[in-house]
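Summary of the model geometry
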Amino acid sequence: MLQGKKILLGVTGSIAAYKSLLLVRLLVREGAAVRVIQTPASRDFVTPLSLATLSKNPVHSDLFAGDTWANHVELGRWADVFVIAPLSCNTLAKMANGLCDNLLLATYLSAICPVLAAPAMDEDMWRHRATQDNLQRIRGFGNQVIPVEKGELASGLFGDGRMAEPETIVEFIRSILLERKDELAGRKALVTAGPTYEAIDPVRFIGNHSSGKMGIAIAEELAARGAQVHLVLGPSSLAVEGDGITLHRVTSAEEMHRVALAEFAAADIAILAAAVADYKPVERAPEKIKKKDGNLVLELTRTPDILRTLGGLKKPGQTLVGFALETTDGRSYALDKLRSKNADWIVLNTLSDNGAGFGFDTNKITIFGNDGSELAFEKKPKQQVAKDIVDTVIGRNPFVKRL
Ligand code: PMT
């Protein structure tokens with residue numbers, strides 16, 4: 001619940017502005033006090049009257065009304081969080097460059113609270129280098145950006161650029177306002193992430209499509225709550241942020257196994273999100289294999305099963321979480337992995353769910369516990385999925401009573 005929390009909502013000119021009405025309603029229902037600032041352009045999409053009625057507060061729009069100056073400093077200081085949803089391409093560019101030609105921007109520049117932005121635009125605008133640079137810039141100023149969703153866009157095209165749903169935005173607000181900092185202080189965590197590459201010869205390998213996003217999000221979430229995290233990351237081009245993360249970059253399943261084994265002994269919690277190759281070539285050719293007529297037969301052998309190894313070594317007090325990535329019969333494979341690998345939890349994601357699994361910014365998971373619990377979650381950004389996983393396995397999820 002957001003009871004008593006003070007939320008300043010900035011609405012900019014985008015077709016997604018209609019969703020800001022739903023957002024205000026959800027926030028007010030949660031008990032939050034909501035005040036709204038609109039840019040002049042946004043009034044073409046949603047009226048001040050609707051926003052004022054739902055928020056139960058007058059809407060602020062102009063820097064000057066008659067001979068009265070709107071106190072943007074007061075608004076910025078009043079709020080516990082300033083949420084800009086939708087964030088248009090135009091306002092994003094102004095935020096990135098410190099422009100100040102309306103009340104929303106003046107308030108943004110003087111706000112001392114956390115700022116959360118939910119962009120909304122057409123896919124081509126979203127993908128434009130200028131937009132991505134501007135996003136990077138406002139992130140660099142300490143603002144948080146809620147990932148856009150894929151779907152039907154105002155242009156009629158289908159792609160990235162839809163504003164996150166109001167429910168998702170509320171979850172981000174909760175995650176900022178409901179403090180979880182330091183709840184894992186003094187705890188040690190091990191996370192595996194990304195793919196592994198098993199060399200065939202000096203130029204080829206057996207690998208998979210994992211980007212590392214899911215595991216990195218989990219490591220960052222654990223670190224944000226104060227844990228000391230060892231992240232064992234297979235080949236991934238992604239950067240890892242967050243104090244408290246010791247990064248071990250590895251390439252093969254064997255290397256990942258070796259580091260995970262070394263770090264597991266001291267870990268209170270281990271979450272294995274890596275997509276580890278199950279097989280590797282029996283021999284790695286010392287030179288590039290030259291193509292010849294006919295087929296090439298590679299003999300493969302099993303790699304170490306890290307989750308199974310750790311399950312065999314697990315001591316009382318340690319929590320072991322595995323993933324299951326399936327294409328069919330997800331539930332039964334996940335339950336089988338829970339038992340056979342001696343895990344406490346298995347997080348199932350299935351490639352048949354749109355927007356789940358490899359590479360996406362979102363995932364859709366079901367978590368199975370060894371106490372028989374089974375929790376299905378909606379599709380969400382991976383950062384939110386990471387929060388759900390951590391909440392669940394450390395006992396913060398209100399639907400699970402354990403630990
Ligand atoms: O990295 P992203 O692009 O964000 O994608 C995320 C993801 C899809 C990779 C992730 O969400 C995921 O599902 N990770 C597990 C992928 C997998 O290999 O699943 P599995 O069902 O094959 O393995 C089951 C469990 O055993 C996993 O915890 C895996 O890390 C572990 N395992 C598997 C093989 C092996 N040799 N050693 C292991 O530890």
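We now turn to the structure provided with this report. Keep in mind that what you see is a predicted model, and the values were worked out from it rather than measured. (Residues numbered from 1 in each chain as written. Predicted model: local features only at pLDDT ≥ 70, side-chain atom pairs only at ≥ 80, totals over all residues. Heavy atoms only, no water.)

**A short note on the pattern of salt bridges**
Any two side chains of opposite charge can pair, so long as their charged atoms come close to each other. In total, this model carries 24 salt bridges according to the counting rule given. A salt bridge links Arg127 to Glu123; its shortest N-O distance comes to 3.2 Å. With Arg127 and Glu123 both in helix H6 (residues 123–127) and four residues apart, the pair spans about one turn of that helix. A relative accessible area of 49% means that Arg127 is categorised as partly exposed. Here Glu123 falls in the buried class, since its relative accessible area comes to 19%. Connected through salt bridges with shared partners, the residues Glu183, Glu221, Arg225, Lys387 and Asp391 form a single ionic network. (Salt bridge = Lys/Arg side-chain N within 4 Å of Asp/Glu carboxyl O. Helix = DSSP H or I, 4+ residues; strand = E, 2+ residues; numbered from the N terminus. Buried < 20%, exposed > 50% of the residue type's maximum accessible area, 1.4 Å probe, protein only.)

**Digging into the packing of helix H4 (residues 89–97) against helix H5 (residues 103–110)**
Contact geometry for H4 and H5: axes closest at 11 Å, N-to-C directions at 40°. In terms of axis orientation, H4 runs oblique to H5. Handedness of the crossing formed by H4 with H5: right-handed. Contacts between H4 and H5 pair Thr91, Lys94 and Met95 from the former with Leu104, Leu105 and Tyr108 from the latter. (Axes fitted to C-alpha atoms, helices over the stretch in contact; angles between N-to-C directions. Parallel < 35°, antiparallel > 145°, perpendicular 65-115°, else oblique. Left-handed = near helix turned anticlockwise from the far one by under 90°. Contact = heavy atoms within 4.5 Å.)

**Thoughts on the layout of surface pockets**
Approximately 850 Å³ is the volume attributed to the second largest pocket. Taken together, 39 residues line the second largest pocket, and the ones lying closest to its centre are Ala274, Ala275, Val276, Phe323 and Leu325. Here the element with the most residues in the lining of the second largest pocket is strand E18 (residues 319–326); it accounts for four residues. Across the lining of the second largest pocket, the residue classes break down as 18 nonpolar, 14 polar and seven charged. (1 Å grid on protein atoms, 1.4 Å probe; cavity = no way out; pocket = protein on both sides within 12 Å on 5 of 7 lines; lining within 4 Å. Points joined across faces, edges and corners; volume = space filled by probe spheres on them. Nonpolar A, V, L, I, M, F, W, Y, C, P; charged D, E, K, R; others polar.)

**Overview of the site of the ligand**
As a matter of local geometry, the ligand sits amid 30 residues, with Ser210, Ser211, Ala274, Lys337 and Asn349 nearest to it. Within the contact set of the ligand, an oxygen atom lies 2.8 Å away from a backbone nitrogen or oxygen of Met214. If the ligand stood free it would expose 770 Å²; the protein chains cover 96% of that surface. At a threshold of 2 Å from the grid points, most atoms of the ligand map onto the second largest pocket. Mapped onto the shell around the ligand, the elements with two or more residues apiece are helix H9 (213–224), helix H11 (306–313) and E18. Sorting elements by how many residues they give to the shell around the ligand places E18 first, with five residues. Looking at the shell around the ligand, its residues break down into 14 nonpolar, nine polar and seven charged. (Near = heavy atom within 4 Å. Polar contact = N/O pair within 3.5 Å; in protein donor to acceptor, adjacent residues only side chain to side chain. Areas by Shrake-Rupley, 256 points an atom, 1.4 Å probe, with all protein chains shown as cover. Sits in = over half its atoms within 2 Å of the grid points.)

By themselves, these figures tell us nothing about what the structure is for.
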